[in-house]
Amino acid sequence: MNGRLTGAGEQPLHVVPAPRVPQSLRTSSPAPAAAGVPGPGHDQRRAPLAEAVERYRRRSTVSFHCPAHRGGRAADHVLRGLVGQEMLTADVWLDPAEQHRVRREAEDLAAALWGADRAFFLGNGSSGGNHAFLLATLRPGDEVVVARDAHVSTLMALVMTGARPVWITPDLHPTLDTGLGISPAALAATLEEHPRARLVVLVSPAYSGVCSDVSALADVAHAAGVPLFVDEAWGPHLPFHAWLPTDALAAGADAVVTSTHKLAGSLSQSALLLVRGDRLDVEAVATAVRMTASTSPLLPLLASIDTCRRRLALEGHALLDRALAGAGRLRERLARVPGVVLVGPGDLGLRPTLVDPLKVVLDVTALGRTGVEVDRLLRERCAVAVEGSDLRRLYLVVSPQDDDAGLDRLAAGLEGLRLRGAPAVRGPGSAAAMLRPRERAVSPRIAWFARSETVPLRAAVGRVAAELATPYPPGIPVLVPGEVVDAAQVAYLESVVSAGGHVHGAADASLATLRVMTA
Ligand SMILES: Cc1ncc(COP(=O)(O)O)c(C=O)c1O
């Protein structure tokens, strides 16, 4: 991002340099901020949307509007116990003009902080951002270069738009079954082969924390005259500490979606869509965001993006210092747990600047159980919940609030399970099974809307998939509508299901059957 917030000794964190918000987007005075003085519309100490909700509450307003739970008085007591009275009294409806104004002010502050021209608050996660952005930029039949590790929401956006994906596959580590990011040379070759491609869609960081070299990839895309959209769902914190990989906007991406709820402290489902430069039609993005969002937003949800932005601006560097220190201690502690192998940048042969240190990846193959089983045992026996697991690994996310007692409970829990044994998984590796492009018969949209039939999973080999099958995590579809199902995919999906893993998207979640296009 322009002027990364590197903290000590540099500009005070709440003062965002004026050039980061274009003149046209300033909410009040057009005068640029003098150095060291927050300009109007740039004062990162403000949280306009959260403040408006608070103002409404303070006035003890008598309401006849929705939601009809009336500040919780008409809510079920179990709900009240779950979310608390404070949350219910914040679930209000502002005057629409005021709501529009304070939301835009809050979004402009976010745009200024992230170095975007325009920011959009999203109440349906990065999933909603992927839908809206692709709907704004692609038309039916357009070619779009998409990283094969795209999230399932991007695949649904392809169904919605009718665009045709040209897959680009992340490099794979030869033995560690991990994607290593998209290589600039591969992108250059793909764009040369597909000169009509209208957009490049990449994921960085991946679920494993591995980032692509977005700067080099942006150069390649722009040299071909194509805008670059990065799904940075896992990277809302990246701009706020110099030890983290460079965030995609700073690296030159034209637009980014990021899940502030994942690692930046806002409520679940909240996210940001950020757009910059003149390669995109910002108003088309604004329209698509509005048209794909609920017309009755939960204001505390959106306000949590506002307060999270404020906190990152004022304290982000210090918070991330704490989180990075905690991640270091966690790694040290876990390195002493027998049978657990930490997978870090050195093992993957990557520069440390290309891997998010707040994602800790543990290979548990030597424990003789799948990652999914170890995950379940930790929850059931130790009341320790990790971010996610797959057949071989556990994935942890470190936050600034993780204390040594918590870190120790995880490590002691793993030790206490006293597991050892032969590897529980012998089938195809997850990355290999998920990331290999397959033969495509028709576009995802045509397959999604085609006449289809339900067949036993193994009978689907050689047929054209009419639905998605997505092991979750990481949320990367193994089966994509419109592609010919192959035996390796089926074997991998069977191993996920038999290990107790969750498969998202297919009508039959047990995957005993699959929907394929009618021949
Ligand atoms: C790469 C990627 N993109 C998008 C999403 C969707 O994000 P959200 O849960 O905020 O909708 C995820 C979710 O994990 C993801 O991993």
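What counts and how
- Residues numbered from 1 in each chain as written.
- Predicted model: local features only at pLDDT ≥ 70, side-chain atom pairs only at ≥ 80, totals over all residues.
- Helix = DSSP H or I, 4+ residues; strand = E, 2+ residues; numbered from the N terminus.
- Rg over C-alpha atoms; globule rule 2.2 N^0.38 Å.
- Buried ≥ 20, exposed ≤ 12 C-beta atoms within 10 Å, placed from the backbone.
- Pairing = 2+ DSSP bridges.
- Near = placed C-beta within 6 Å.
- Nonpolar A, V, L, I, M, F, W, Y, C, P; charged D, E, K, R; others polar.
- Core = buried A, V, L, I, M, F, W, Y, C linked by C-beta atoms within 7 Å.
- Domains from an automatic or database assignment.
- Contact = placed C-beta atoms within 7 Å.
- Axes fitted to C-alpha atoms, helices over the stretch in contact; angles between N-to-C directions.
- pLDDT = per-residue confidence, 0-100.

Chemist: In this structure, what is going on with the overall build of the protein chain? I would like to understand it.
Modeler: Looking only at helices and strands, the protein chain has 16 helices and 15 strands in total. Here the C-alpha atoms of the protein chain give a radius of gyration of 23 Å, agreeing with the 24 Å that 2.2 N^0.38 yields for 519 residues. Looking at the protein chain as a whole, 50% of its 519 residues qualify as buried.

Chemist: Looking at this structure, I do not really get the sheet that holds strand β9 (residues 359-363). What am I missing?
Modeler: The strands making up a sheet associate through backbone hydrogen bonding, with each pair oriented either parallel or antiparallel. Spatially, β8-β9-β11-β10 is the arrangement adopted by the four strands of the open sheet, whose pairing is antiparallel. The open sheet has two edge strands, β8 (341-342) and β10 (388-389), and neither has a second partner. Of the strand pairs in this sheet, β10 and strand β11 (residues 393-397) are connected by two bridges, and their pairing is antiparallel. Looking at the pairing, Gly388 lines up with Tyr395 of β11.

Chemist: Would you mind going over the site of the ligand with me for this structure?
Modeler: Taken together, Gly125, Ser126, Ser127, His151, Ser153, Val203, Tyr207, Asp231, Ala233, Ser259, Ala271 and Gly475 form the complete shell of residues around the ligand. Here the shell around the ligand gets three residues from one element, more than from any other, and that element is helix α4 (residues 125-137). Taken together, the residues of the shell around the ligand break down into four nonpolar, seven polar and one charged.

Chemist: Can you help me understand the nonpolar core in this one?
Modeler: Where a protein is soluble and globular, its nonpolar side chains tend to be buried together. Membership of the largest hydrophobic core comes to 146 residues, with the highest contact counts inside it found for Val200, Val201, Ala253, Leu272, Leu273 and Leu274. Two domains each put at least three residues into this core: domain 1 (318-416) and domain 2 (438-517). If we ignore the near neighbours within four places in the chain, the residues touching Leu273 are Phe120, Leu122, Gly129, Ala132, Phe133, Val257 and Val289.

Chemist: Got a minute to help me understand the domain arrangement of the protein chain in this structure?
Modeler: Frequently, the measure chosen for interface size is the accessible area removed from exposure when the parts meet. One can read the domain layout of the protein chain as domain 1 (318-416) and domain 2 (438-517). In this complex, domain 1 contributes eight residues to the contact, which on the side of domain 2 involves seven residues. In terms of residue count, the dominant contributor to the side of domain 1 that touches domain 2 is helix α12 (residues 371-382) (three residues). Broken down by class, the residue content of the side of domain 1 that touches domain 2 amounts to three nonpolar, two polar and three charged.

Chemist: Would you take a moment to explain the sheet that holds strand β2 (residues 143-147) for this structure?
Modeler: An order of β1-β7-β6-β5-β4-β2-β3 is seen for the seven strands of this open sheet, with the pairing classed as mixed. Single-partner strands in this sheet number two, and they are β1 (118-122) and β3 (164-168). Taking each pair of neighbouring strands and ignoring which way they run, the sheet shows an average axis angle of 20 degrees. Pairing of strand β6 (residues 255-258) with strand β7 (residues 271-275) involves four bridges; the strand directions are antiparallel.

Chemist: Whenever I open this one, the confidence of the model for the protein chain confuses me. Can you help?
Modeler: Fine structural detail should not be taken from predicted coordinates in areas where pLDDT scores are low. In the predicted model, the protein chain carries a mean pLDDT of 89, and 91% of its residues have values of at least 70. Every residue in residues 1-38 scores below 50 in pLDDT, and together they form 70 contacts with partners more than four places removed in sequence or on other chains.

Chemist: Help me understand the pairing of β1 in this model?
Modeler: Taken residue by residue, a regular strand's side chains alternate between the two faces of the sheet. Across the five residues of β1, five count as buried, placing the element largely inside the fold. The pairing of β1 with β7 spans five bridges and is classified as antiparallel. When the sheet's bridge partners are listed, Leu122 is paired in β7 with Ala271.

Chemist: Before we go on, may I ask you to explain the environment of Pro471 in this structure?
Modeler: With respect to the helices, strands and loops of the structure, Pro471 is situated in strand β13 (residues 470-472). Spatially, the C-alpha atoms of Pro471 and Gly501 are 7.0 Å apart, while their sequence positions differ by 30 residues. The contacts of Pro471, once residues within four sequence positions are left out, are Asp390, Val478, Val496, Gly501 and Val503.

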